[in-house]
Amino acid sequence: MTDDQLRDTGHSQTLARRGLSRRQLLAGAGIAAGAAGLLPAPARAQSKPPARPTGHVIIGFSQEPTVFNPLMPHIEVDQGVYWNLFSPLWMADQTGEIVAQLAAEIPTVANGGLSSDGLSWRVKLRPGVTWHDGKPFTAEDVKFSFDLLNNPKFRAWSRTGYELMQDIKVESPTEISWKLSKPFAPFMSILCWTFMVPAHILGKAADPNTAPFNNAPVGTGAFMWKERVPGDHITLAANPHFFGTGPYLEQIIFKYIPDLTVMFTQFQTGAIDYIGLQGITADHYGQAKKLADRNVVVGPAPFIESITLNLSKPQFREREVREALYYGMDNKSIIEQIYYGLPKPTSTYLPTQSWAFNPHVAPHEYDPAKAKAMLDAAGWKPGANGIREKNGVRLSFQNSTTAGNHVREQAQQLLQQNWSDIGVEMKIKNMPPAVIWGDYFNKSQYDSVMIGEDFMTGPDPDVSPYFLSTAIPAKGGSGQNTMEYVNPEVDKLLQAGATTFDRAARQKDYWQAAELIRHDLPQLPIFQYATVEGTRKGLIGYAPSVYVSVNTWNVNTWYWAS
Amino acid sequence: MSRFLFHRLAQYLVLLWLVSVIGFAVLHLAPGGPLAQFTLIPGMTAEQLQVIAHQMGLDRPLPVQYWEWFRRMMVGEWGRSYRDSQPVLYVIGAHLWPTLELMLSSSVVAVLLGTWVGVLGAIRRYSVFDYLATIGAMVALSIPTFWFGLVFIYIFSVKLAWLPPGNLYTIGDGSFLDYARHLIAPCLVLALVTIAIWSRYMRASMLEVVNQDYVRTARAKGVPGCNCPRCCPARWSPKLCSPGRAWAACFSIQSAIATIRWSWGS
Amino acid sequence: MTEATDIAATVARPSRARSRALARFVRHRLALFGLAAIVVLVLLCAAGPYLWPYNDLRINMRQRFAEPLLAGLHVFGTDELGRDMLARLMMAGRVSLTVGFAAMAISTLVGILVGTLAGYFGGMIGTALMRFVDAVLCFPSIFLLLALAAFVQPTLLSITLVIAATAWMEVARVVEAQIRSLRERDFALASEALGASDAHIMFRELLPNAIAPIVVASTLNVARAILLEAYVSYLGYGIQPPVPSWGNMLNNAQEYLVTAPWLALLPGLLITLAVTGFNFVGDGLRDALDPRLDIS
């Protein structure tokens, strides 16, 4: 197993079970598809960063960060703040390359950091790092963070991977080691998003769930906590002792603007310098492009928008029906008209940027005549009101999405018309996110939903929690397979992929799985999202990345052109 | 007298208790319940939700939960927000000032304008002004406020760019003038409905007073100018109470609208 | 002889009072205008869709955002999915007006029932009922509306019931006050002395005399119901797409305010027109049926 291969397994990271699935429900109007190579070349040649931190940047978010302990349950926008307050052992940059942060170097077999079976880890830490309050950062803090995550009384945001850790030992103030109870390829990537918290502060709290630290966080990041006005904004100030690049800004302000249209207006008028999470809606894109003095960037995002079907419902049990439904969808109009051509069409669940993406999977075709023929051949004849039926089952079902997402609702209505043209009745039943993401989704009570999901997290393409037959919550399993999809071959392929560290072998398994799933069509993929965000001209350093939740991961490198 | 007061007090205590029960029930029985916002977290599994539910005591029988909540509320232990573990009082308090600011300013504007329109309408009954004022008031009561806010933003913030489209103030500029500019739009839109209500009340009560004997005598005696100083004080007190409930209802709706349209702090 | 003419005069008076009320209503020009507006709207929404060639549901992706008056037969333009605005406004009018009337009917019935019972029986029952009404009134109606809407599947029927559930309290209060004062009057006491049943006294004697404020409250309730439906649908908890209602058309339109303002302006104008119409009629009815004005 070569170094390169092992380093590449660093790319294998899954908080797969932590799927950013639910993120999409929070997304406002469609954030459209990703396209590789739509990133602008950074204007590095023009300007040099200032010698001392100067100026401030106002960052607009349409969700409010409210959880400031990075190990507690949080939503994506909270992570946007964590990147600036805290640091992980290592992280992925926008190309997917793993870069050491609090660790001195990435552990590999060659440098002795990783055993050849991937079970024993030994990580050297960067010396001379201090917390915002001046105390030194040591291996004790790393051990404390991991122990906290495994503490049953603590409300951890995730236990995947951490629960496999055993024998966490502090070898020296700058060295720590642990063992994993079984090989888990995505673990390297899980640590990309695991931020370290201070033992000397949280360790003293009576109950870490409600410690004052949670509202006055202390980290090792490029910026320090200054103030927060709930419901309005959060201000962070530059950390002069930051171990990494920068910071070049004196202050950063995260402004919360709940309405996407209002946020866009504020971007237009210059009240905010960077329009971030949830970004510019597709229908404002045309306007945004024409703005003088603003850079609008269409970057890739790892979400796939699809119609997810509940295979336990009688209408969806036959594969032919699902394929006919897929032929009956006019995805091109949805992408080009409703989403203004920003997303990219896709027929599989991984983003094109992932190394496990299978480009040979059959693309989607809109062919209503073929759809009708398929349904006729499968025995579904038009009955009352022109709706097809077979053996007493009417081809009629409900489709739900999160209420308030107007662009998606338009796509829903178009699909409703497409399907009614081939004799299938779809009823729209939208509901607020809190209702959909409760038992309705988790216990597979829906007929079909229209959502965007990120089946991987960061660079790792392990999608087991979504497709394994043991991951069906409605049947008592643990995972996100609410489609109740069961395919023993896919099970074997995904399990093999998660336990082997050989990237070529993993890719083979994952490509095969993608073909099988494309054939079975438990979900009907439409497009891959792109984020449309913008900055004021003169702001240098912004770089969208599919490997993070929010694009404020590198604010420590941002500065204003002089 | 004291028996009457006692009865009334008892009734109102029962009323408050009923309100607390209804409020608690609605919050807990609504789909999703207090755990709803945790379901928004990516990767939240069913087991974790159960753990959280147990930690928060949400799996106890509902009457027990209600009693715990009620008991704590009585002693001032308002607990922490489910979402971010901040003390509830702090969360409420932080949002209180912007709401009050908006309510107070739009009340002042509404009362001043409303009184002027109402009194003038009563004095010049059936004139063109009165006619227009009546129509205006009726239309103002009928306009959906959120729509009016939209139109207002469209005209004044987008087309004419005279007023800022939202927020309490511009970051970096906290001057009084800046605050005032940001306050104008939501204040005016919210005041609209109250102006309508208030002007009609003032008009009605002015009409009652203007026809009183003592006023007619004063006019006959040749007392010059405006009748207002004599008439108004007599009619203030009862009239202040009746629109009270209408105001309360108005403000709840209007505050929600201001928050949505202008991201008004709260 | 005088007694007979007195009795005859008493019998004749009600119809003369009614015609006087009618005369006062007709003189109230704004009320007439309001009535005319409502009649026009109802006719338009009821009959219009049968005569207009465009369907309100047919999506036409090539004709999105057509401007009014500039797109051939689409006199009011098209919306974000290319559907004809006039057709949608008319169908939406059906929904909004139906909800308005139905909610008013239900809330009036419930309010009359509760108010009559409370006002007639008084004592413990009356107090308990009225305190319950007060308790529900404590909650801002929007809060109540949204909370209830979260419980139910948003269909036409459920939304109507939810809106009615937030509007019956006012009617109950008005009715209770009226019944309470009328109960002590001579004709009521006489009825009781004659041995009439409670139900008879409540519904055949007292209620007909309290009709005036009920009629006024009902008319204003329609206006309120239409506005509430607009609010609820605007917030996304009311009538679901693709069925149009004036409220949910506004919901979809706000992000296109700058690029396609007619999407927001037209439904809002119609809501305002309908609600204003009902308010004027209610105002006119209040003046027409006010017994104090009758004396002068």
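Just so it is clear, the model here is predicted, and its values are computed rather than measured. Here the residue numbers are simple positions, counted from 1 along each chain's written sequence. Working convention: letters from A go to chains and numbers from 1 go to ligands, in the order in which they are written. Since the coordinates come from a predicted model, pLDDT governs what is reported: local features require at least 70, and pairs of side-chain atoms require 80 or more to be given and counted, while whole-chain, interface and lining totals use all residues. Excluding hydrogens and water, the side-chain values take into account all heavy atoms of the structure.

## Considering the overall build of chain B
Line of reasoning, step 1. Counting from the N terminus, the helices are the DSSP runs of H or I reaching at least four residues and the strands are the DSSP runs of E reaching at least two. Counting its regular elements, chain B contains 9 helices and 0 strands.
Line of reasoning, step 2. Reading chain B from its N terminus to its C terminus gives the helix and strand order α-α-α-α-α-α-α-α-α.
Line of reasoning, step 3. Counting only residues that meet the buried cut, chain B has 44% of its 266 residues in that class.
Line of reasoning, step 4. Contacts were defined at the residue level, with two residues in contact if any of their heavy atoms lie within 4.5 Å. Contacts in chain B between residues at least 24 apart in sequence constitute 67% of all its contacts with a sequence separation of at least 6.
Line of reasoning, step 5. For chain B, the accessible surface area stands at approximately 14100 Å², while carbon and sulfur atoms represent 71% of it. Burial classes follow relative accessibility: with a 1.4 Å probe on protein chains only, a residue under 20% of its type's maximum area counts as buried, one over 50% as exposed, and anything between as partly exposed. Areas reported here follow the Shrake-Rupley algorithm with a probe of radius 1.4 Å; residue values treat only the protein chains shown as occluding.

## A closer look at unusual backbone geometry
Residue and element names in this part refer to chain A.
Line of reasoning, step 1. Of the consecutive residues glycine 246 and proline 247, the connecting peptide bond is found in the cis state with omega at 0°.
Line of reasoning, step 2. Considering the arrangement of structural elements, one finds proline 247 in the loop between β8 (233–238) and β9 (251–256).
Line of reasoning, step 3. Of note, the phi angle at glutamine 278 is positive, near 80°, even though the residue is not glycine.
Line of reasoning, step 4. Relative to the helices and strands, glutamine 278 resides in the loop between β10 (274–275) and α8 (282–289).
Line of reasoning, step 5. Here glutamine 278 falls in the buried class, since its relative accessible area comes to 8%.

## Notes on helix α4 (residues 139–150) of chain A
Line of reasoning, step 1. Expected helix span is taken as 1.5 Å per residue step, with the number of steps being one fewer than the number of residues. Between its first and last C-alpha atoms α4(A) spans 17 Å; for 12 residues at 1.5 Å apiece the expected length is 16 Å, and the two agree.
Line of reasoning, step 2. For α4(A), the secondary structure elements touched by its buried residues are β5 (165–172), β6 (175–180) and α6 (199–202) of chain A.

## Remarks on a nonpolar patch on the surface
Line of reasoning, step 1. Residues qualify for a patch when their relative accessible area is over 30% and they have no salt bridge, like charges being joined within 9 Å and the nonpolar side chains of Val, Leu, Ile, Met, Phe, Trp and Tyr within 5 Å. Only one rule defines a salt bridge in this text: a Lys or Arg side-chain nitrogen within 4 Å of an Asp or Glu carboxyl oxygen. Where nonpolar side chains cluster on the molecular surface, the patch consists of B:Leu96, B:Trp97, B:Leu100 and B:Leu104 and spans about 420 Å² of accessible area.
Line of reasoning, step 2. With respect to the helices and strands, B:Leu96 occurs in helix α4 (residues 88–123).

## A word on the nonpolar core
Note that soluble globular proteins tend to have their nonpolar side chains buried in a common cluster.
All names here are of chain A.
Line of reasoning, step 1. If you look at the biggest cluster of nonpolar residues, it comprises 83 residues, and the most contacted ones within it are Leu89, Trp90, Phe146, Trp178 and Phe187.
Line of reasoning, step 2. Take this core: its biggest share by element is 6 residues, from α4.
Line of reasoning, step 3. If sequence neighbours within four positions are ignored, tryptophan 90 has contacts with Ile98, Val99, Ala100, Gln101, Ala103, Ile106, Pro107, Trp121, Val123, Met188, Leu191 and Cys192.
Line of reasoning, step 4. In terms of nonpolar packing, the next biggest core, distinct from the first, is built from 72 residues, Leu311, Ile428, Val490 and Leu494 among them. As used in this record, nonpolar core signifies buried Ala, Val, Leu, Ile, Met, Phe, Trp, Tyr and Cys residues forming a set joined through side-chain atoms within 4.5 Å.

## Examining helix α12 (residues 406–421) of chain A
Line of reasoning, step 1. For α12(A), which comprises 16 residues, the first-to-last C-alpha distance of 23 Å matches the rise-based estimate of 22 Å (1.5 Å per residue) to within 8%.
Line of reasoning, step 2. Of the residues flanking the end of α12(A), it is A:Gly423, one or two places downstream, whose phi is positive at about 90°.

## With respect to the interface of chain A and chain C
Line of reasoning, step 1. With 21 residues of chain A at the contact, the number on the chain C side is 20 residues.
Line of reasoning, step 2. Linking C:Arg58 and A:Asp421 is a salt bridge whose minimum nitrogen-to-oxygen distance equals 3.7 Å.
Line of reasoning, step 3. By the criterion applied in these results, polar contacts are pairs of N or O atoms within 3.5 Å in which, for protein atoms, one can donate a hydrogen and the other can accept it, and in which residues neighboring in sequence qualify only through two side-chain atoms. Summed over the shared surface of chain A and chain C, the number is 5 residue pairs in polar contact (both at pLDDT 80 or more).
Line of reasoning, step 4. Those elements that provide at least two residues to the side of chain A that touches chain C are α8, α10 (331–338) and α12 of chain A.
Line of reasoning, step 5. For the side of chain A that touches chain C, the element with the highest residue contribution is α12(A), accounting for 9 residues.

## Thoughts on the pairing of strand β19 (residues 523–536) of chain A
Residues and elements named next belong to chain A.
Line of reasoning, step 1. In terms of burial, β19 is a largely internal element, 13 of the 14 residues being buried.
Line of reasoning, step 2. Whether two strands pair depends on DSSP finding at least two bridges between them. With 2 bridges connecting them, β10 and β19 associate as antiparallel partners. For isoleucine 275, the partnering residue across the bridge sits in β19 and is glycine 534.
Line of reasoning, step 3. Relative to β19, strand β11 (residues 294–309) runs antiparallel, the two being bridged by 12 bridges. Of the residues in β19, the one forming a bridge with asparagine 295 is threonine 535.
Line of reasoning, step 4. In the sheet, strand β12 (residues 344–345) pairs with β19 via 2 bridges, with the strands oriented antiparallel. Its bridge partner being in β19, lysine 344 is matched across the sheet by glutamine 528.

## Section: the environment of A:Lys427
All names here are of chain A.
Line of reasoning, step 1. With respect to the helices and strands, the residue lysine 427 is situated in strand β17 (residues 425–428).
Line of reasoning, step 2. In this structure, the C-alpha to C-alpha distance between lysine 427 and leucine 539, residues 112 residues apart in sequence, is 46 Å.
Line of reasoning, step 3. Excluding residues within four positions of it along the chain, lysine 427 makes contact with Ser396, Phe397, Gln398, Asn399 and Gln416.

## Let's talk about the sheet that holds strand β13 (residues 381–382) of chain A
Line of reasoning, step 1. Spatial strand order, β13-β14-β15 (chain A): 3 strands in an open sheet with antiparallel pairing. For this open sheet the edge positions go to β13 and β15 (393–394) of chain A, each flanked by a neighbour on one side alone.

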